[in-house]
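So the chains spell out like this:
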Amino acid sequence: MEVDSPSNLPLPDAFLDFLNENGVDPSVYTNTTPRYVRLKPGCEGDVEEIEVEVRCKLEKVDWLPSFYSLSPHVQIANSKAYQQGKIYGIDAASGAAVSALNISLGDHVLDLCVAPGAKLCMVLDLLGSSGSVTGIDVARHRLAACRTMVLKYSLGEYPLDEMANLYKEWTSRRPWKDKKKAAKARVTVASQLASSTQDPELIYYGKNSGVVGLTRSEIYQTFRGNDVLHCGYDKVLVDAECTHDGSIKHIQKFEYWGWKTLQRRVLNAERTDSLTVLQLQLLTNGFRLLKIGGSLVYSTCSLTVAQNEDVVEQFLLQNASAELLEIDAAKNWPCRSGRIPKTLRFDPMTSRTSGLFVAKFTKLAI
Ligand SMILES: C[S@@+](CC[C@H](N)C(=O)[O-])C[C@H]1O[C@@H](n2cnc3c(N)ncnc32)[C@H](O)[C@@H]1O
């Protein structure tokens, strides 16, 4: 049976039980959260034109550069601005997670759970044609969406022949021979994996893409101890797989797919237990690929403590060279502290954004 939560959003019993078990107050979910878009830098002069096109005022988000909020019901997919890659949908809390990385020109960035790629687009915008980004995801079908998105938002920045070069690792227009070679390489890399049956796939973007100081096959290895300390990325984003319970828009999709599907696919205890194991592994692997003095941001769109503070706590216990960092920009962000000092929590009620947990680490030379 569906009951109204205190915020008057119809939430199913299974979800309310899940929130209850995880100590999440259902009243944080409101149906007044706006939708957010990020405007491609350099397109600021087009705002009025975009407003006419989408028939809605774009309100500048004063705490996050290049972000605008608009009514949650406005569709942008058919607009010229969207099709030309001038705007793309990304929640402001997600933007804050990327912003917390403090990306500088020339950085080499690893996006460990990259698909469908909203945060990747922002990373690319911040880097311009400098540095590199390596995106990794386990779901090939989601990576396909990611590739389309990256191509769309980079249109116009490079001449077509240069684009082909930039995207050579994975463009769908690759010649058949190249595709076969890449497939063969994947098998070779896969055979180096000890046990996993799902091999994360890599996509590359930008000049000198790839892992700084590491070979492609080394990314897949399980490193023992802290033996990859003197190479690696300047910045790592681990936007981990989670139960998505902070994103009410995601949860509401199950109204269509069926609440039983939500219970089976998302909320069942076995899955949530194995998720926290995966989250710790993702964070640990991301950290191993971070260079000394670099920054890593761990985020999830879950509001549970188990997938956030508990994972952070475990990780800190197991990694003496990891130190939590204060996120300086957060002083002006509409969020609150997590249970562990320096960690942040966005939720619809406090932030008028989707729910997001953010923690930032650095690697010490010990
Ligand atoms: C929360 S989503 C990432 C959203 C993305 N960062 C964005 O901004 O659009 C989590 C992603 O983690 C991926 N994932 C799950 N297990 C993984 C693994 N073992 N290695 C890499 N990616 C994984 C999922 O396929 C999913 O695309």
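Whatever comes next refers back to the structure up there.
If you're wondering where the values come from, they're calculated on a predicted model, not measured in any experiment. (Residues numbered from 1 in each chain as written. Predicted model: local features only at pLDDT ≥ 70, side-chain atom pairs only at ≥ 80, totals over all residues. Heavy atoms only, no water.)

Looking now at helix α5 (residues 118-127). Buried residues dominate α5, accounting for 8 of its 10 residues. Taken as a whole, α5 has its buried residues at K119, L120, C121, M122, V123, L124, D125 and L127. The positive-phi residue at the C-terminal boundary of α5 is G128, with phi of around 60°. (Buried < 20%, exposed > 50% of the residue type's maximum accessible area, 1.4 Å probe, protein only. Helix = DSSP H or I, 4+ residues; strand = E, 2+ residues; numbered from the N terminus.)

This brings us to the site of the ligand. Around the ligand sit 18 residues in total, of which C113, G117, D137, R142 and D239 are the nearest. Contact distances for the ligand include 3.2 Å between an oxygen atom and a backbone N or O atom of K119. Contact between the ligand and V138: a nitrogen atom at 3.3 Å from a main-chain N or O atom of the residue. Relative to its free-state accessible area of 610 Å², the ligand is covered by the protein chains to the extent of 88%. Sorting the residues of the shell around the ligand by element identifies α5 and α13 (269-288) as the ones contributing at least two each. Among the residues forming the shell around the ligand, the class breakdown is 12 nonpolar, 1 polar and 5 charged. (Near = heavy atom within 4 Å. Polar contact = N/O pair within 3.5 Å; in protein donor to acceptor, adjacent residues only side chain to side chain. Areas by Shrake-Rupley, 256 points an atom, 1.4 Å probe, with all protein chains shown as cover. Nonpolar A, V, L, I, M, F, W, Y, C, P; charged D, E, K, R; others polar.)

Here 4 strands make up an open sheet; going across it, the order is β4-β5-β3-β6 and the pairing antiparallel. Because the sheet does not close on itself, it has two edges, and the strands there are β4 (59-60) and β6 (87-89). Running at roughly 145° to β6, α5 makes contact with β3 (35-39), β5 (67-70) and β6 of the sheet. (Pairing = 2+ DSSP bridges. Contact = heavy atoms within 4.5 Å. Axes fitted to C-alpha atoms, helices over the stretch in contact; angles between N-to-C directions.)

Our focus in this paragraph is the environment of F346. In this fold, F346 is placed in strand β14 (residues 344-346). Taking the C-alpha atoms as reference points, F346 and A96, 250 residues apart in sequence, are found 9.5 Å from one another.

With that out of the way, let us pick up the packing of aromatic side chains. Tallied over the entire structure, the rule returns 9 aromatic pairs. Here the aromatic rings of Y298 and F357 are separated by 6.4 Å at their centres, their planes lie at 70°, and the arrangement is edge-to-face. Separated by 59 residues along the polypeptide, Y298 in strand β11 (residues 290-300) and F357 in strand β15 (residues 356-363) bring together distant segments of the chain. Taking the relative accessible area as the measure of exposure, Y298 reaches 0% and is therefore buried. (Phe/Tyr/Trp six-rings, centres within 6.5 Å; stacked < 30°, edge-to-face > 60°.)

Our focus in this paragraph is the side chain of R38. By the element assignment, R38 lies in strand β3. Take R38: its relative accessible area is 3%, and that puts it in the buried class. Reaching out from R38, the side chain makes a polar contact with the side chain of D125 at a distance of 2.7 Å. Setting aside residues no more than four positions away along its own chain, R38 makes contact with P65, S66, F67, K86, I87, Y88, I90, M122, D125 and L126.

The subject of this paragraph is the side chain of T261. Counting through the fold element by element, T261 comes out in helix α12 (residues 259-267). By relative accessible area, T261 is classed as buried at 10%. One polar contact links the side chain of T261 to the main-chain carbonyl oxygen of W257, over a distance of 2.9 Å. When residues no more than four places from it in sequence are discounted, the contact partners of T261 are F254 and V266.

A word on the nonpolar core. Of all hydrophobic cores here, the largest spans 42 residues; its most connected members are W63, W333, F346 and V358. For this core, the secondary structure elements donating two or more residues are α4 (92-99), α5, α6 (140-154), β14 and β15. Counting residues per element, this core draws most heavily on α5, which supplies 6 residues. Apart from the residues within four sequence positions on either side, W63 is in contact with A92, A93, A96, N332, W333, P334, F346 and T353. C113, V236, A322 and F357 belong to the second-largest nonpolar core, a separate cluster that totals 25 residues. (Core = buried A, V, L, I, M, F, W, Y, C linked by side-chain atoms within 4.5 Å.)

Going through the model one piece at a time under the given rule, you end up with 11 salt bridges. The salt bridge involving K86 is made with D46; its shortest N-O contact spans 3.3 Å. Of this pair, K86 sits in the loop between α3 (80-83) and β6 while D46 sits in the loop between β3 and α2 (47-54), and the two are 40 residues apart along the sequence. The exposure class assigned to D46 is buried, which follows from its relative accessible area of 19%. (Salt bridge = Lys/Arg side-chain N within 4 Å of Asp/Glu carboxyl O.)

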